[in-house]
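Observations on the model geometry
Given next are the chains, with one letter for each unit.
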Amino acid sequence: MAGNRIICTKNNVDYVSIRKAMTAGARTKEEIAASAGVCTECEGCQSELETILSSVCGCKKVSLATVVAAVKAGADTVEKVSEVTGAGTGVDEVTGEECGKCKGLIQNIIDLGR
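**Overview of helix α5 (residues 78-85)**
- Residues of α5 that are buried include every one of V78, V81, S82 and T85, and no others. Projected down its long axis, α5 shows its buried positions confined to an angular sector of 100 degrees, all on one face. Turned more than 90 degrees from where α5 packs its buried face, E79, E83 and V84 sit exposed.
- Buried residues along α5 sit against β4 (62-63), α4 (64-72) and α6 (103-112).
- Downstream of α5 by one or two residues, G86 has phi in the positive range, about 90 degrees.

**Looking at the packing of helix α1 (residues 15-23) against helix α3 (residues 43-54)**
- At a closest axis distance of 11 Å, the pairing of α1 and α3 adopts a crossing angle of 40 degrees. Relative to α3, the element α1 is oriented oblique. The crossing of α1 and α3 is right-handed. The segment α1 lies against α3, with Y15, I18, R19 and M22 engaging L49, I52 and L53.

**Focus: the pattern of salt bridges**
- One pass over the full model with this rule turns up 4 salt bridges.
- One salt bridge in this structure joins K29 and E50, with 3.8 Å as the shortest N-O distance. Placement of the pair is K29 in helix α2 (residues 29-36) and E50 in helix α3, with a sequence separation of 21 residues.
- With a relative accessible area of 22%, K29 lands in the partly exposed category.
- The shortest N-O distance in the salt bridge between E31 and R114 comes to 4.0 Å. Note that E31 is positioned in helix α2 and R114 in the segment after α6, a separation of 83 residues in sequence.

Conventions and cut-offs
- Residues numbered from 1 in each chain as written.
- Predicted model: local features only at pLDDT ≥ 70, side-chain atom pairs only at ≥ 80, totals over all residues.
- Heavy atoms only, no water.
- Buried < 20%, exposed > 50% of the residue type's maximum accessible area, 1.4 Å probe, protein only.
- Helix = DSSP H or I, 4+ residues; strand = E, 2+ residues; numbered from the N terminus.
- Arc of directions from axis to C-beta.
- Contact = heavy atoms within 4.5 Å.
- Axes fitted to C-alpha atoms, helices over the stretch in contact; angles between N-to-C directions.
- Parallel < 35°, antiparallel > 145°, perpendicular 65-115°, else oblique.
- Left-handed = near helix turned anticlockwise from the far one by under 90°.
- Salt bridge = Lys/Arg side-chain N within 4 Å of Asp/Glu carboxyl O.

Keep in mind these values describe shape, not function.
In structure tokens form, the structure reads like this:
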């Protein structure tokens, strides 16, 4: 599970803000810049933005491409995507509680098909 931290040091945009923008449908650097306010040019944006954009579930290390492929293959609910990919099934190592923070993003991928 990824912790919150500043990604865009120029505009002080954190990881959670970027993930929220992704959950709202942003999938490119330009879309993240428009919706979350990242600069796309600072060291944090240069070193981390592509990795964040390509990932859906940090707990299980499930990529956006894997989830999109599952959706295109017929997984039409968060539960079905989770069964196929493992996304959304992570457990917090400290508390032992289910994470599930990526489930909103999974639903958005299902809704948009991308």
